[in-house]
Amino acid sequence: MKLKEVTIENFRSIKSLDIPLDDLTVLIGENNIGKSTVLEAIRIALTRGYGAKRGWQFSEYDFHLDCAEATPQSAEPISIILHFAEKNQDEWPSAIIQQMNECIQLDNDGLYHIWLRVKGEYQQTTSSFEGKWIFLNEVGNELTKPKQSDVNMLSRFVPMFFLSALRDATQEFSQRGQFWSGFLKSIQVPEDKRQEIERMLMEVNSYVIDANDGLSEVSSKIAEAGKHIPLGSIDPVVLEAVPTRIFDMVGKIQVHLKSNNGAKLPIQRYGEGTQSLAVLMLFQAFAAISLNEIYTPESTPILALEEPEAHLHPSAIRSLGSLLVTLAGQLLVTSHSGDLVSRVPVTSLRRLYKINGDTRVGRIETGNFTPREIQAINYNIRLTRGHYLFSRCWLFVEGESDFHFMPLIFELMGFSQDDISFSVIEISQVIKKGEPLIKFAQSLGIQWFLMADGDAEGQSYVDRASQYCTNGEQPSVRTKLLNSIDIEHEFWNNGFDDFIRSKLTETQINRIKLNHNDPDEEIKQLIKSAIKKVGGKPAFAQEIMQEVENKGVASIPQVLKDVVNNVVQMAGG
């Protein structure tokens, strides 16, 4: 039984949000946007309800406050609704159907559904924040027959295992580690074997201690403390080179890794990346063992992982991304890694973002994209430039020169690409003149703007992009045609003609004049030769930008400054 969607209202930073979930769902978005809040909402619904009594309290910090004057006591109630559903008939085992019968709803297609709602609000009568777990029907009305035991049963059929982004191997592999301790407690040694092992351990201990006569002197001196404080024994000091009792030995079990030369070190002595990955693998082992030993065979776990890429090398992150697709159960992952998202299906992504303070979710729905369009998205974005998915705005440009020029122009105008959070994407090689990428940005809630050459081909780019203007937007809000046939001509026509000529010798300039009677063709050849002379389009862009620095930012063609200002505004919105 898997979770189809979660609906959250008035919980922490989220006013209202509905997120469809897959077998693997990867939540991306900026910091403090609500990714961890989504995982926590699901965890509260599936774990706080387990054995919860009527007086269960939410924290005052759980309530969404939408203004400075709001208080938790006056805030709107928290609502978290988990919707479980079959994808195909007879998908749920009979044990679930029988034991959750009072909670299950049947739709017109013969598919089973369960809606569990957690409501939290302030109660004046008790002066406390209380939570209530109830089941709903398909229209959101409360079902009266289910009992608290049904909530507990649901939690057993859908156990949730949560691994925080803050992972400390020293703590996780300690005797009190949340996952490691379970393995240690399960170690049971028969009584006769225990006595035999402890007798041998004492012999080993005595052999080691007796090898140094000075240790006996240490013992006797420490024992003299009994003259000043009660130690509770005639012979109070015991030196142990090794644990001499089974439970002491179990508590000191450590994980060691061997190096290439055979030397072994405790996991805590390795780097942060190795430790983080080891904790992640421990978490998976704990989940698997728990399912086998505690939960029913019909249980489907939800594994919630916060930033599993923490401290890992990019190649290890990509490998981890591929591993996530193969894990059993239902996975919910938060990530800030372009390398990780490059290895998960694009349909698994959920991008959280805000508009006017409201949290939204963007996603790709397979039916809205053809296989060829998905292929274009994978080739141009996900597999090769996964970090683009974390930008607020995409600036689509027609050609290679634009790709090299525009980031430099942004920088000279005082707008850092990282601070503004935008990406420049060349679309001349993308099918349908970049339409799949525009649709992709729109689906994920990424702002976008198109700059095209001022010719017939550029106009065709604008015409296609204009189809995706929504809410009555005019094409000018999302698109801009250059005044010239390309960006190099834009600079030529705005006072950089002499500078571009200076890159060529008089002989080269005269030869071009002799070979071309058409002034427009002559300019085109002068620009082309200058680009070749300086070493290509990236180098030419650098040369032009250096001259802009000499002349001042005001020398940048106005149409390009307009593009920059539009993108900056969109990225800020």
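Residues numbered from 1 in each chain as written. Predicted model: local features only at pLDDT ≥ 70, side-chain atom pairs only at ≥ 80, totals over all residues. Heavy atoms only, no water.

A. A look at the overall build of the protein. Looking only at helices and strands, the protein has 22 helices and 18 strands in total. For 573 residues, the compact-globule estimate of 2.2 N^0.38 gives 25 Å, and the protein exceeds it by more than 25% at 33 Å. Along the longest, intermediate and shortest principal axes, the C-alpha atoms of the protein span 110 × 70 × 50 Å. Across the 573 residues in the protein, those meeting the buried criterion constitute 45%. The long-range fraction of contacts in the protein, counting pairs at least 24 apart against all pairs at least 6 apart in sequence, stands at 70%. For the protein, the exposed area adds up to about 29200 Å²; of that, 48% sits on carbon and sulfur atoms. In the protein, 57 positive and 74 negative side-chain charges are present, and the distance between their average locations comes to 2 Å. (Helix = DSSP H or I, 4+ residues; strand = E, 2+ residues; numbered from the N terminus. Rg over C-alpha atoms; globule rule 2.2 N^0.38 Å. Buried < 20%, exposed > 50% of the residue type's maximum accessible area, 1.4 Å probe, protein only. Contact = heavy atoms within 4.5 Å. Areas by Shrake-Rupley, 256 points an atom, 1.4 Å probe, with all protein chains shown as cover. Lys, Arg positive; Asp, Glu negative; His and termini not counted. Charge placed at Lys NZ, Arg CZ, Asp CG, Glu CD.)

B. Looking closely at the sheet that holds strand β16 (residues 422–426). Reading across the sheet, the four strands line up as β16-β15-β17-β18 and stay open at both edges, with parallel pairing between neighbours. In the strand order of this sheet, the two ends are held by β16 and β18 (479–481), each with one partner. Direction aside, the axes of adjacent strands within the sheet are offset by 20° on average. Across three bridges, strand β17 (residues 447–452) lies against β18 in parallel orientation. The residue of β18 that forms the bridge with Met451 is Lys480. Those strands touched by helix α13 (residues 400–412) are β15 (393–397), β16 and β17, and its axis lies near 160° from that of β16. Lying over the sheet, helix α16 (residues 456–466) contacts β17 and β18, oriented at roughly 160° with respect to β17. (Pairing = 2+ DSSP bridges. Axes fitted to C-alpha atoms, helices over the stretch in contact; angles between N-to-C directions.)

C. Representation of a nonpolar patch on the surface. On the surface, Ile187, Val189 and Ile253 cluster together into a nonpolar patch covering about 190 Å² of accessible area. Relative to the helices and strands, Ile187 resides in the loop between α5 (180–185) and α6 (191–210). (Patch = residues over 30% accessible without salt bridge, like charges linked within 9 Å, V, L, I, M, F, W, Y side chains within 5 Å. Salt bridge = Lys/Arg side-chain N within 4 Å of Asp/Glu carboxyl O.)

D. Structural context of the sheet that holds strand β3 (residues 24–28). Read across the sheet, six strands follow the order β8-β11-β12-β3-β13-β14 without closing on themselves; strand pairing throughout is mixed. Only two strands of the sheet have a single neighbouring strand rather than two, namely β8 (160–163) and β14 (358–362). On average, each strand axis in the sheet is tilted by 20° relative to the strand beside it, whichever way the strands run. Bridge count between strand β11 (residues 302–306) and strand β12 (residues 330–334): five bridges; the pairing is parallel.

E. Focus on unusual backbone geometry. Backbone geometry places His311, a non-glycine residue, at a positive phi of 75°. With respect to the secondary-structure elements, His311 resides in the loop between β11 and α10 (314–324). Relative accessible area serves as the criterion here: at 52%, His311 is assigned to the exposed category. Of note, the phi angle at Lys432 is positive, near 55°, even though the residue is not glycine. If you trace the backbone, Lys432 turns up in the loop between β16 and α15 (435–444). The exposure class of Lys432 is partly exposed, given its relative accessible area of 39%.

F. Seen up close, the packing of α13 against helix α21 (residues 537–551). Where α13 meets α21, the closest approach of the two axes is 9 Å, and the angle between their N-to-C directions is 30°. Taken together, the axes of α13 and α21 lie roughly parallel to each other. Along this stretch, α13 crosses α21, giving a crossing that reads as right-handed. Counted together, Glu400, Ser401, His404, Phe405, Leu408, Ile409 and Leu412 of α13 and Lys537, Pro538, Phe540, Ala541, Gln542, Ile544, Met545, Val548 and Glu549 of α21 form the full contact between these two elements. (Parallel < 35°, antiparallel > 145°, perpendicular 65-115°, else oblique. Left-handed = near helix turned anticlockwise from the far one by under 90°.)

G. Inspection of the packing of aromatic side chains at higher detail. The tally for this structure, following the rule as stated, stands at 15 aromatic pairs. Pairing Phe179 with Phe286 gives two aromatic rings, centres 5.0 Å apart and planes at 50°, and the pair type is tilted. Residue Phe179 is found in the loop between α4 (169–172) and α5, and its partner Phe286 is found in helix α9 (residues 272–293); the two are separated by 107 residues along the sequence. Each member of the aromatic cluster is reached from another via a ring pair, and the members are Phe58, Phe63, Tyr122 and Phe129. Just above the ring of Tyr461 sits the side chain of Lys433; from NZ or CZ to the centre is 4.8 Å. (Phe/Tyr/Trp six-rings, centres within 6.5 Å; stacked < 30°, edge-to-face > 60°. Lys NZ or Arg CZ within 6 Å of the ring centre and 35° of its normal.)

H. Seen up close, α21. For α21, built from 15 residues, the straight-helix expectation of 21 Å at 1.5 Å per residue is met to within 8% by its first-to-last C-alpha distance of 21 Å. On its buried face, α21 is in contact with α13, α18 (487–501) and α20 (519–534). Downstream of α21 by one or two residues, Gly552 has phi in the positive range, about 110°. (Expected span 1.5 Å × (residues − 1).)

I. Representation of the environment of Arg385. By the element assignment, Arg385 lies in the loop between α12 (371–382) and β15. Counting along the chain gives 47 residues from Arg385 to Gly338, while the straight-line C-alpha distance between them is 7.1 Å.

J. Region of the structure containing the nonpolar core. Among the nonpolar cores identified, the biggest contains 59 residues, and Val26, Leu389, Trp394, Phe396 and Phe440 are the most heavily contacted of them. Ranked by residues supplied to this core, first place goes to α9 with seven residues. Setting aside residues no more than four positions away along its own chain, Leu389 makes contact with Ile28, Val341, Leu349, Arg351, Ile381, Trp394, Phe440, Leu444 and Ile446. Counting residues in hydrophobic clusters, the runner-up holds 48 residues, among them Leu3, Ile8, Val118 and Ala304. (Core = buried A, V, L, I, M, F, W, Y, C linked by side-chain atoms within 4.5 Å.)

K. Up close: α16. The complete set of buried residues in α16 reads Gly458, Tyr461, Val462 and Ala465. Down the axis, α16 shows its buried residues gathered within 95° of arc, on one side only. Those residues of α16 hidden inside the fold are in contact with α15, β17 and β18. (Arc of directions from axis to C-beta.)

L. Structural view of the packing of α18 against α21. Contact pair α18 / α21: the axes reach a minimum separation of 11 Å and the direction vectors enclose 70°. Between α18 and α21, the angle falls in the class roughly perpendicular. When α18 is examined against α21, the residues Glu488, Phe491, Gly495, Phe496, Phe499 and Ile500 are found in contact with a partner set consisting of Lys537, Phe540, Glu543, Ile544, Met545, Glu547, Val548 and Lys551.

M. Spotlight on the pattern of salt bridges. Considering all chains together, one arrives at 21 salt bridges under this definition. Lys2 is the partner of Asp23 in a salt bridge, and the nearest nitrogen-oxygen pair spans 3.2 Å. One end of the pair, Asp23, is in the loop between β2 (14–20) and β3; the other, Lys2, is in the segment before β1 (3–11), with 21 residues separating them in the sequence. On the basis of relative accessible area, Asp23 is assigned to the partly exposed category, the value being 34%. For Lys2, a relative accessible area of 26% corresponds to the partly exposed category. With a closest N to O distance of 3.0 Å, Arg350 and Asp22 form a salt bridge. Residue Arg350 is found in strand β13 (residues 349–355), and its partner Asp22 is found in the loop between β2 and β3; the two are separated by 328 residues along the sequence. Given the relative accessible area of 0%, Arg350 is considered buried. Under the relative-accessibility criterion, Asp22 is labelled partly exposed at 23%.

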